[in-house]
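Observations on chain architecture
If you want the building blocks of each chain, they are given just below.
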Amino acid sequence: MVSDDFFGSALKQLEQALEHASISLEAKKILMQPKAVLEVKIPVGMDDGRVKIFTGFRVRYNDALGPAKGGIRYHPLVSLNEVTALAFLMTLKCAAVGIPFGGAKGGVAVDPKNLSQRELESLSRGYVRAVYDFIGPDSDIPAPDVYTNETIMGWMSDEYNRISRKLVPAAFTGKPVSIGGSLGRNTATAMGAYFVLKELIRQLKLNGKELTVAVQGFGNAGYNIAKLLHNDGLKIVAVSDSKGGVYAQGGLHPDSVMKVKESKGMIDGVYCRGSVCDDIEHAHITNEQLLEVDADILIPAAIEGQITEKNAGKVKAKIVCEVANGPTTAGADKVLHERGVAVVPDILANAGGVMVSYFEWVQNRAGLYWSSDEIRGRLESGMLKAFRDIYEMAQQLKTSMRMAAYVHAAKKVVEAMAHRS
Ligand code: GLU
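Quick caveat, the model's predicted, so the values are computed rather than measured.

Scanning the model with the defined rule gives 29 salt bridges in all. Between lysine 41 and glutamate 39 there is a salt bridge; the shortest N-O distance is 3.4 Å. Measuring nitrogen to oxygen at the nearest pair gives 2.9 Å for the salt bridge that ties arginine 365 to aspartate 138. A residue pair is termed long-range when its members are at least 10 positions apart, and arginine 365 in helix α11 (residues 352-366) and aspartate 138 in the loop between α4 (117-131) and β5 (140-144) qualify at 227 residues. You can call arginine 365 partly exposed: its relative accessible area is 45%. Overall, the relative accessible area of 55% leaves aspartate 138 in the exposed class. Through salt bridges that share partners, Glu121, Arg125, Arg129, Asp158, Glu159 and Arg162 make up one connected network.

Structural data, given as structure tokens:
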């Protein structure tokens, strides 16, 4: 269930965090609302000859630290409230990990699974025509998010270039490598989360122990983090997607799960049927049950509003690593903190994606392209620095890592605002 007031929930967390920071009332007021909001209607000629009109949004939340940055989401439940909340989180995320970008987000209310490839391309190009004047490499730079990917960024970038009558590679990130995308961008969100999670495990002196992991959401980030952790010897005991999931005490192989998902379109109930069958004991669970399974680490990697006041008391994990944006409501966050669960907040845990987007933008502007090793090294040091700053601040303030991350980020945004009028 997506929370009704995602933005309200995010602002509640900001208000709580700001109790630990001396920030003026005026600055708070600016931080609590978006700078600019655009709603567009996108007509798309469908394959059956009809014209369907889709609603899209782009929200620029704050650009004190630099051009606003954030993905574009395709999902049936996209709303202005959701896009605003996500743009707010992007603002704090870029600040939290030291990227010279502000925050933005876009979205289209659509179920992309119901569109043909041609309709999807037409919608993506239509979105760019509709928001063209609102975005740009020096003002607001989109990227992929839920149900958008590098192919869609390729179409969008191409449409942007056509309208501009020149190549503007830095107008979009997350593009295919052949047209200016960065090596490592596709796995960057998972890789960034992996670096901070490993560091937290070290800080909590849990390394060397056989740790079990449950992953909710098996898209790009969910699959890749499961794979990285599996390769490192952690046991992935449960995975799910919106249609359902599987729990196997003996451990699951992320690649086998992915093969099943690709061939059957779902994870639930098919892991041990058909041609792809790892001979292991497993139980079928729902996407909601996954959050409560017996695992040391819970990784919500789907959408917002999953851990709520209703189920937060039932989470058994000692660590929650938020690869999704906003998976924990403000009320649930309090419950988890009181129960001693270490939550790596989304604005830190999933910042690897936007960090490599920043590297892509830099490479596009310089016309000089880096190796995978260079990108991995920069991502690792950037993520670890942010983790240490935030972890230390949480210890100092005696708060959760989310509160510390919010304080750390808000201070940077407010400081930049003070230098602009
Ligand atoms: N959509 C991703 C996020 O929520 C990446 C944004 C970007 O690369 O600009 O962080």
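Taking strand neighbours across the sheet as the criterion, the five strands line up as β1-β2-β4-β3-β5 in an open arrangement whose pairing is mixed. Strands with a single pairing partner mark the edges of an open sheet, and in this sheet they are β1 (36-45) and β5. Neighbour to neighbour, the strand axes of the sheet diverge by 25° on average, direction disregarded. Across five bridges, strand β3 (residues 68-75) lies against β5 in parallel orientation. Its bridge partner lying in β5, isoleucine 72 is registered against proline 144.

This model, assessed by the stated rule, comprises one cavity of 30 Å³ or more. The space that makes up the largest cavity amounts to roughly 80 Å³. As for the largest cavity, its lining consists of 13 residues, and the residues nearest its centre are Phe6, Ser9, Gln13, Gly326 and Thr328. Those elements that place two or more of their residues in the lining of the largest cavity are α1 (6-18) and α13 (401-418). With four residues, α1 is the largest single contributor of residues to the lining of the largest cavity.

Take the sheet that holds strand β8 (residues 244-247) next. Within a sheet, each strand pairs with its neighbour through backbone hydrogen bonds, oriented either parallel or antiparallel. With mixed pairing, seven strands are arranged side by side in an open sheet as β9-β8-β7-β6-β10-β11-β12. This sheet does not close on itself; its edge strands, each paired only once, are β9 (283-285) and β12 (342-344). Strand-to-strand, the axes of this sheet are offset by a mean angle of 20°, without reference to chain direction. When strand β6 (residues 212-216) meets strand β10 (residues 297-300), the two strands line up parallel, connected through four bridges. Counterpart to alanine 214 in the pairing with β10 is leucine 298. Contacts from helix α6 (residues 188-203) reach β10, β11 (319-321) and β12, with the element oriented near 165° to β11.

Enumeration according to the criterion identifies 14 aromatic pairs in this entry. Residues tyrosine 160 and phenylalanine 172 carry aromatic rings whose centres are separated by 6.1 Å and whose planes lie at 70° to one another, so their mutual orientation is edge-to-face. Separated by 12 residues along the polypeptide, tyrosine 160 in helix α5 (residues 150-164) and phenylalanine 172 in the loop between α5 and α6 bring together distant segments of the chain. Here tyrosine 160 matches phenylalanine 172 in class, with each residue buried.

Once that is clear, we can look at α5. Compared with an ideal rise of 1.5 Å per residue, which puts 15 residues at 21 Å, α5 spans 21 Å between its outermost C-alpha atoms and is within 8% of the ideal. Regarding α5, the residues found buried are Ile152, Met153, Gly154, Trp155, Met156, Ser157, Glu159, Tyr160, Asn161 and Ser164. Tucked inside the fold, the buried residues of α5 contact β3, α4 and β5. You can read the cap of α5 off the contacts: a side-chain oxygen lies 3.2 Å from the backbone nitrogen of threonine 151, and it is on asparagine 149.

The rules we used
Residues numbered from 1 in each chain as written. Predicted model: local features only at pLDDT ≥ 70, side-chain atom pairs only at ≥ 80, totals over all residues. Heavy atoms only, no water. Salt bridge = Lys/Arg side-chain N within 4 Å of Asp/Glu carboxyl O. Helix = DSSP H or I, 4+ residues; strand = E, 2+ residues; numbered from the N terminus. Buried < 20%, exposed > 50% of the residue type's maximum accessible area, 1.4 Å probe, protein only. Pairing = 2+ DSSP bridges. Axes fitted to C-alpha atoms, helices over the stretch in contact; angles between N-to-C directions. 1 Å grid on protein atoms, 1.4 Å probe; cavity = no way out; pocket = protein on both sides within 12 Å on 5 of 7 lines; lining within 4 Å. Points joined across faces, edges and corners; volume = space filled by probe spheres on them. Contact = heavy atoms within 4.5 Å. Phe/Tyr/Trp six-rings, centres within 6.5 Å; stacked < 30°, edge-to-face > 60°. Expected span 1.5 Å × (residues − 1). Polar contact = N/O pair within 3.5 Å; in protein donor to acceptor, adjacent residues only side chain to side chain.

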